[in-house]
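Summary of the model geometry
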Amino acid sequence: MRVAPLWAGLLPVPFGRSPHEQELHSTPGIAQVMNLQLSTLLWIGLGGFVGSICRYLLGGAVHQVLQNSSFPYGTMAVNLVGCFAIGVGGGLVEIRQLFTPEVRMFLLVGLLGSFTTFSTFGYESVTLAREGELLASLANIAIQVVAGVVLVWLGYGLTKSL
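Let us look at the structure shown here.

Reading the values: the criteria
Residues numbered from 1 in each chain as written. Predicted model: local features only at pLDDT ≥ 70, side-chain atom pairs only at ≥ 80, totals over all residues. Heavy atoms only, no water. Helix = DSSP H or I, 4+ residues; strand = E, 2+ residues; numbered from the N terminus. Contact = heavy atoms within 4.5 Å. Salt bridge = Lys/Arg side-chain N within 4 Å of Asp/Glu carboxyl O. Buried < 20%, exposed > 50% of the residue type's maximum accessible area, 1.4 Å probe, protein only. Axes fitted to C-alpha atoms, helices over the stretch in contact; angles between N-to-C directions. Parallel < 35°, antiparallel > 145°, perpendicular 65-115°, else oblique. Left-handed = near helix turned anticlockwise from the far one by under 90°. Core = buried A, V, L, I, M, F, W, Y, C linked by side-chain atoms within 4.5 Å. Phe/Tyr/Trp six-rings, centres within 6.5 Å; stacked < 30°, edge-to-face > 60°. 1 Å grid on protein atoms, 1.4 Å probe; cavity = no way out; pocket = protein on both sides within 12 Å on 5 of 7 lines; lining within 4 Å. Points joined across faces, edges and corners; volume = space filled by probe spheres on them. Nonpolar A, V, L, I, M, F, W, Y, C, P; charged D, E, K, R; others polar.

Positionally, Ser119 belongs in helix α6 (residues 118-130). With 41 residues separating them along the chain, Ser119 and Val78 place their C-alpha atoms 9.3 Å apart. Non-local contacts of Ser119, meaning those with residues more than four positions away in its chain, are made with Gly82, Cys83, Ile86 and Leu112.

What follows is the structure, given as structure tokens:
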């Protein structure tokens, strides 16, 4: 089973598409992104603006409290708060259907997307597990964590050789 992205169902689907065609086009391609209304992009952008400022403020506040530590507590705090927030937000969308598409784009895609992409990673991993795809969930976690750290290391090493 495929995990639906947070923006699923919010992109325009041209009139007359069959359900199969809609499924094939549920992930945004460049043509669909270009068809998004400007207001949708503005909601995402505004959320991204707010989320990145919140990330900076929370990370900085944690760093100020724990000045004598070399451990990245600020980043950890941002990632954990983001994971909790996307759990609450995703639950309110899926279970309670509380948010309009604009609020969903602002909060989940824009704000939390810029606050931390780790929250999306956590949400998608939990969704896979909740849908009975435990192996896929564990693979997602292992691949992204291990490959992510290895790629940071390789990227850093590449800059030494340039």
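So that's the structure; there's more coming.
Moving on to the pattern of salt bridges. Taken as a whole, this structure holds one salt bridge when the rule is applied. Here Glu94 and Arg130 are joined by a salt bridge, their closest N and O atoms 2.9 Å apart. With Glu94 in helix α4 (residues 73-96) and Arg130 in helix α6, the pair connects residues that are 36 residues apart, well separated along the chain. You can call Glu94 partly exposed: its relative accessible area is 39%.

Further remarks concern the packing of α4 against helix α5 (residues 101-115). A pair of packed helices is characterised by two quantities: the angle between their axes and the separation of those axes. Close contact between α4 and α5 brings their axes to 10 Å; oriented N to C, the two are set at 165°. Considering the angle they form, α4 stands roughly antiparallel to α5. When you trace α4 past α5, the crossing you get is left-handed. Within the contact between the two elements, α4 uses Val78, Val81, Gly82, Ala85, Ile86, Gly89, Gly90 and Val93 and α5 uses Arg104, Leu108, Leu112 and Phe115.

Among the nonpolar cores identified, the biggest contains nine residues, and these are Val78, Ile86, Val93, Phe106, Leu108, Leu111, Leu112, Phe115 and Tyr123. Those elements that provide at least two residues to this core are α4 and α5. A total of five residues in this core trace back to one element, the largest contributor, which is α5.

This part is about the packing of aromatic side chains. In total, this model carries two aromatic pairs according to the counting rule given. Seen from their ring centres, Trp43 and Phe106 are 6.0 Å apart, and the 85° between their planes marks the pair as edge-to-face. Taken together, the residues span a long stretch of sequence, with Trp43 in helix α3 (residues 38-65) and Phe106 in helix α5 at a distance of 63 residues. Their ring planes at 45° and their centres at 5.2 Å tell us that Phe118 and Phe121 sit as a pair that is tilted. Of the two residues, Phe118 and Phe121 both sit in helix α6, three residues apart, roughly one turn of that helix. The exposure class assigned to Phe118 is partly exposed, which follows from its relative accessible area of 34%.

Okay, the layout of surface pockets next. A volume near 240 Å³ is recorded for the largest pocket. Forming the walls of the largest pocket are Arg55, Asn79, Thr116, Thr117, Phe118, Thr120, Phe121, Glu124, Gln144, Val145 and Val149. When residues of the lining of the largest pocket are traced back to their parent elements, those giving at least two are α6 and α7 (134-161). Counting residues per element, the lining of the largest pocket draws most heavily on α6, which supplies four residues. Here the lining of the largest pocket is built from residues that sort into four nonpolar, five polar and two charged.

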